[in-house]
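One letter stands for each residue in the lines below.
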Amino acid sequence: MAIIDHWHEKHPRQPAKGRLILYILLFILILFLMFKADTFVKGFANIFFPSDADSTVEENHPR
């Protein structure tokens, strides 16, 4: 018996359905982040640079 056959006999291969689901969810997450990137950037800018965001709003909508 070859070593590889002995290894396969002792360690049977399990189906990789869980791994496939993980890859699909990761792909969906990446697509979501790509399409919503502008929203995340605006939120980040509002958190760390609130004065710039307020001045931009005032320029677009004068009171």
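Residues numbered from 1 in each chain as written. Predicted model: local features only at pLDDT ≥ 70, side-chain atom pairs only at ≥ 80, totals over all residues. Heavy atoms only, no water.

### Quick look at the overall build of the chain
When its secondary structure is counted, the chain shows four helices and zero strands. Taken over 63 residues, the chain has a buried fraction of 2%. (Helix = DSSP H or I, 4+ residues; strand = E, 2+ residues; numbered from the N terminus. Buried < 20%, exposed > 50% of the residue type's maximum accessible area, 1.4 Å probe, protein only.)

### So, the packing of aromatic side chains
For the coordinates displayed, the defined rule picks out two aromatic pairs. For the pair Phe-32 and Phe-40, a centre-to-centre distance of 6.5 Å together with 75 degrees between the ring planes defines the contact as edge-to-face. On the accessibility criterion, Phe-32 (44% relative accessible area) is partly exposed. Here Phe-40 falls in the partly exposed class, since its relative accessible area comes to 44%. Relative to Phe-48, the ring of Phe-44 has its centre 4.7 Å away and its plane inclined at 45 degrees; by these criteria the two rings are tilted. Of the two residues, Phe-44 and Phe-48 both sit in helix α3 (residues 37–48), four residues apart, roughly one turn of that helix. (Phe/Tyr/Trp six-rings, centres within 6.5 Å; stacked < 30°, edge-to-face > 60°.)

### Describing the packing of helix α2 (residues 17–35) against α3
One way to put it is that α2 packs onto α3 with a least axis distance of 4 Å and a crossing angle of 60 degrees. Between α2 and α3, the angle falls in the class oblique. In this structure, α2 contributes Phe-32, Leu-33, Met-34 and Phe-35 to the contact, and α3 contributes Ala-37, Asp-38 and Phe-40. Residues that form the contact of α2 with α3 fall into these classes: six nonpolar, no polar and one charged. (Axes fitted to C-alpha atoms, helices over the stretch in contact; angles between N-to-C directions. Parallel < 35°, antiparallel > 145°, perpendicular 65-115°, else oblique. Contact = heavy atoms within 4.5 Å. Nonpolar A, V, L, I, M, F, W, Y, C, P; charged D, E, K, R; others polar.)

### So, α2
Here α2 is 19 residues long and its end C-alpha atoms lie 27 Å apart, about the 27 Å a rise of 1.5 Å per residue gives. Within α2, only zero of the 19 residues are buried, which leaves it mostly out in the open. (Expected span 1.5 Å × (residues − 1).)

### Side note on the confidence of the model for the chain
Predicted confidence across the chain gives a mean pLDDT of 82, with 79% of residues reaching 70 or more. α2 holds the highest mean pLDDT among the elements of the chain, 93, whereas helix α4 (residues 50–60) holds the lowest, 59. (pLDDT = per-residue confidence, 0-100.)

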